[in-house]
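Fold and contact review
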Amino acid sequence: MKAIRYRAYGGPEVLEVVDVERPQPAADQVLIQVAASSVNPVDWKMASGHIRLLFPAKFPQVPGFDVAGRVVEVGPGVTKFAVGDRVFARLNKGIGAASAEYTVGSLADVAAIPEGMDDGEAAGLPLAGMTALQALRDYCGMSMSGATQRVLVVGASGGVGHLAVQIARAAGAYVVGVCSAKNAPLVLGLGAQEVIDYAKPDAYAGQAPFDIVFDCVGGSPKPWLARLTPNGQLASCAPGAGHIFRSLFNGLARRKVYAVRLKANAADLEFLGKMVADGNLRVIVDSRFPLEQLKEAWQRSIAGRSIGKIVVDVATP
């Protein structure tokens, strides 16, 4: 099969197109013929070596974690899925990861794609969608129905942020999104009641404190702590040393700080899939690249100006 891999740490230039053996599914796994994958910052950050203490590469590494496609073989004892089923997943480990024509997914990480959902949109949902869901529900304790919190989503037009806006709004929260002025109509269209243009010098003038701030951009936690209610919570899916240090004192502080760490699982994918099926969640696709142009897709992500998700269409035989 055709795959993209890298054999040393570096930038997009380390990616190479290769022919490798097709993986075989073990017990509790399915073999997926990949229709599409998507790019997440962790992909190129992992390849750079800058986060090797948390996410070490195993050379040669096939990058990518998000995948959507069709089951073409099931492992011994698998009954949950059958050949021909359309599935999506956030892969954890495997011989072939997302940037390949075929990959293996464990049953613990694979779910059925909602009826009528495009493969590219499905590929854009797993990592970003579960990160948003778990940040709001698991870290900040937001109920998924009848929520009353005021929620600020920083980076509301980005890959994780645009999904967080919709999840929080569907839960019942009052949602304020932070983005550029040109992306304000999109964020409002996704359900935010208000939008803050971060470029304005008085952007937060008159804003009441927030119960939850979900930071999808990164940087110091200090500015957001000042905008929380006395018992407010700050969660970041792009945490730095400041978030991690501050989180160590959550037991002593009224305002909590969380460094969000994704725990991939099929149940959360199924939850997100139901939101899609019910019309409460949609994936915005910024751009699409063929597998052979994964370098360009990474460069688009590294530039930090994408709206929604960057999708990689994988040509399969």
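So, here's what we can say about the structure. The model shown is predicted, which means the values in this text are computed figures rather than measured ones. (Residues numbered from 1 in each chain as written. Predicted model: local features only at pLDDT ≥ 70, side-chain atom pairs only at ≥ 80, totals over all residues. Heavy atoms only, no water.)

**Here we look at the overall build of the chain**
Basically, it comes down to this: In this text, helices come from DSSP runs of H or I with a minimum length of four residues, and strands from runs of E with a minimum of two, each type numbered from the N-terminal end. Values of the radius of gyration come from C-alpha atoms, whereas the globule rule sets the reference at 2.2 Å times the count of residues to the power 0.38. Between buried and exposed lies partly exposed: a residue is buried under 20% and exposed over 50% of the maximum accessible area for its type, with that area taken using a 1.4 Å probe on protein chains only.
Within the chain one finds nine helices and 15 strands. What you see for the chain is a C-alpha radius of gyration of 19 Å, in line with the 20 Å of a compact globule of 317 residues. The principal-axis extents of the C-alpha atoms in the chain amount to approximately 60 × 40 × 40 Å. Among the 317 residues that make up the chain, the fraction classed as buried is 53%.

**Some points on the packing of helix α3 (residues 126–139) against helix α4 (residues 161–171)**
This is how it is decided: Axes, fitted as lines to C-alpha atoms, cover a helix only where it is in contact. Angles between the N-to-C directions of the axes lie from 0 to 180 degrees. By definition in this entry, angles of less than 35 degrees are roughly parallel, angles greater than 145 are roughly antiparallel, angles of 65 to 115 are roughly perpendicular, and the rest are oblique. Crossing handedness: left-handed means the near helix sits turned counterclockwise from the far one by under a right angle, and right-handed means the same turn made clockwise. The criterion used for residue contact is that any of the two residues' heavy atoms lie within 4.5 Å. Only Asp, Glu, Lys and Arg are considered charged in this grouping, and only Ala, Val, Leu, Ile, Met, Phe, Trp, Tyr, Cys and Pro are considered nonpolar; every other residue, Gly among them, is considered polar.
Their axes nearest at 9 Å, the elements α3 and α4 cross at an angle of 45°. With respect to α4, the element α3 is oriented oblique. Once α3 is placed against α4, the crossing between them reads as right-handed. When α3 is examined against α4, the residues Ala128, Gly129, Ala132, Leu133 and Leu136 are found in contact with a partner set consisting of Leu163, Ala164, Ile167 and Ala168. Residue composition of the contact of α3 with α4, grouped by class: eight nonpolar, one polar and no charged.

**Focus on α4**
Among the eleven residues in α4, nine count as buried, and that is most of the element. All of the buried residues along α4 are Gly161, His162, Leu163, Ala164, Val165, Gln166, Ile167, Ala168 and Ala171. Note on α4: the residue one or two positions beyond its end, Gly172, has a positive phi of about 110°.

**Points about the nonpolar core**
As a rule of thumb, nonpolar side chains are buried together in soluble globular proteins. Quick reminder of the rule: What is meant by a nonpolar core is a set of buried Ala, Val, Leu, Ile, Met, Phe, Trp, Tyr and Cys residues, joined one to another through side-chain atoms within 4.5 Å.
Counting 49 residues, the largest nonpolar core has Leu125, Leu136, Met142 and Phe214 as its most contacted members. Counting residues per element, the ones that place at least two in this core are α2 (119–123), α3, β8 (150–154), α4, β9 (174–179), β11 (210–215) and α8 (266–277). Beyond its immediate stretch of four places on either side in the chain, Met142 contacts Leu136, Arg137, Ala147, Gln149, Val151, Ala168, Ala171, Ala173 and Ile212.

**A few points about unusual backbone geometry**
Looking along the chain, the bond that leaves Phe59 and enters Pro60 is cis, with omega of -10°. By the element assignment, Pro60 lies in the loop between α1 (41–48) and β4 (66–74). Of note, Asp28 is a non-glycine position whose phi angle comes to about 65°, a positive value. Looking at the secondary structure, you find Asp28 in the loop between β2 (16–19) and β3 (29–39). Since its relative accessible area comes to 48%, Asp28 is described here as partly exposed.

**Quick word on a nonpolar patch on the surface**
The following threshold applies: Patch criteria: residues need more than 30% relative accessible area and no salt bridge. Like-charged residues are merged within 9 Å; nonpolar side chains of Val, Leu, Ile, Met, Phe, Trp and Tyr are merged within 5 Å. Here, Shrake-Rupley sampling with a 1.4 Å probe gives the accessible areas, and only protein chains in the shown set may cover a residue. By definition, a salt bridge exists where a carboxyl oxygen of Asp or Glu is found within 4 Å of a side-chain nitrogen of Lys or Arg.
Together, Phe245, Leu248, Phe249 and Leu252 give the surface a local cluster of nonpolar side chains, amounting to about 500 Å² of exposed area. Mapped onto the secondary structure, Phe245 falls in helix α7 (residues 241–247). By relative accessible area, Phe245 is classed as exposed at 54%.

**Considerations on the packing of aromatic side chains**
We apply this condition: Working definition: rings of Phe, Tyr and Trp (its six-membered ring) pair if their centres are within 6.5 Å, and the pair is stacked with planes under 30 degrees apart, edge-to-face with planes over 60 apart, and tilted otherwise. Counting as a charge over the ring demands two things of the Lys NZ or Arg CZ atom: a distance within 6 Å of the ring centre and an angle within 35 degrees of the ring normal.
All chains considered together, the criterion is met by five aromatic pairs. Here the aromatic rings of Tyr6 and Phe59 are separated by 6.1 Å at their centres, their planes lie at 70°, and the arrangement is edge-to-face. Taken together, the positions of Tyr6 in the loop between β1 (2–5) and β2 and Phe59 in the loop between α1 and β4 put the pair 53 residues apart, joining distant regions of the chain. On the basis of relative accessibility, which here comes to 38%, the residue Phe59 falls in the partly exposed class. Aromatic pair Tyr9 and Phe59: ring centres 4.9 Å apart, planes at 75°, arrangement edge-to-face. Here the residue Tyr9 occupies a position in the loop between β1 and β2, and Phe59 occupies one in the loop between α1 and β4, the gap between them amounting to 50 residues. Using a relative accessible area of 26% as the deciding quantity, one classes Tyr9 as partly exposed. One aromatic cluster in this structure is built from Tyr6, Tyr9 and Phe59. Of note, Arg22 hangs over the ring of Tyr102, and the distance from its end group to the ring centre comes to 3.9 Å.

**Notes on the pattern of salt bridges**
Tallying each qualifying case throughout the model produces eleven salt bridges. In this structure, Arg300 and Asp286 form a salt bridge, with 2.9 Å as the shortest nitrogen-oxygen distance. With Arg300 in helix α9 (residues 294–303) and Asp286 in strand β14 (residues 285–290), this pair connects stretches of sequence that are 14 residues apart. Overlapping salt bridges, with partners in common, bring together Arg5, Arg7 and Glu16 in one network.

**A word on α8**
What counts here: Multiply 1.5 Å by the residue count of a helix minus one, and that product is the helix's expected span. Each polar contact in these results corresponds to two N or O atoms within 3.5 Å; when the atoms are within protein, one needs to be able to donate a hydrogen and the other to accept it, and residues that are neighboring in sequence are counted only if both atoms are side-chain atoms.
Between its first and last C-alpha, α8 extends 16 Å over twelve residues, near the 16 Å set by a 1.5 Å rise per residue. The complete set of buried residues in α8 reads Ala266, Asp268, Leu269, Leu272, Gly273, Met275 and Val276. Looking at the packing, one finds that the buried side of α8 touches β5 (86–90), β7 (110–112), α3 and α4. Its side-chain oxygen placed 3.3 Å from the backbone nitrogen of Ala267, Asn265 serves as the N-cap of α8. A positive backbone phi angle near 80° is found at Gly279, which sits one or two residues after α8.

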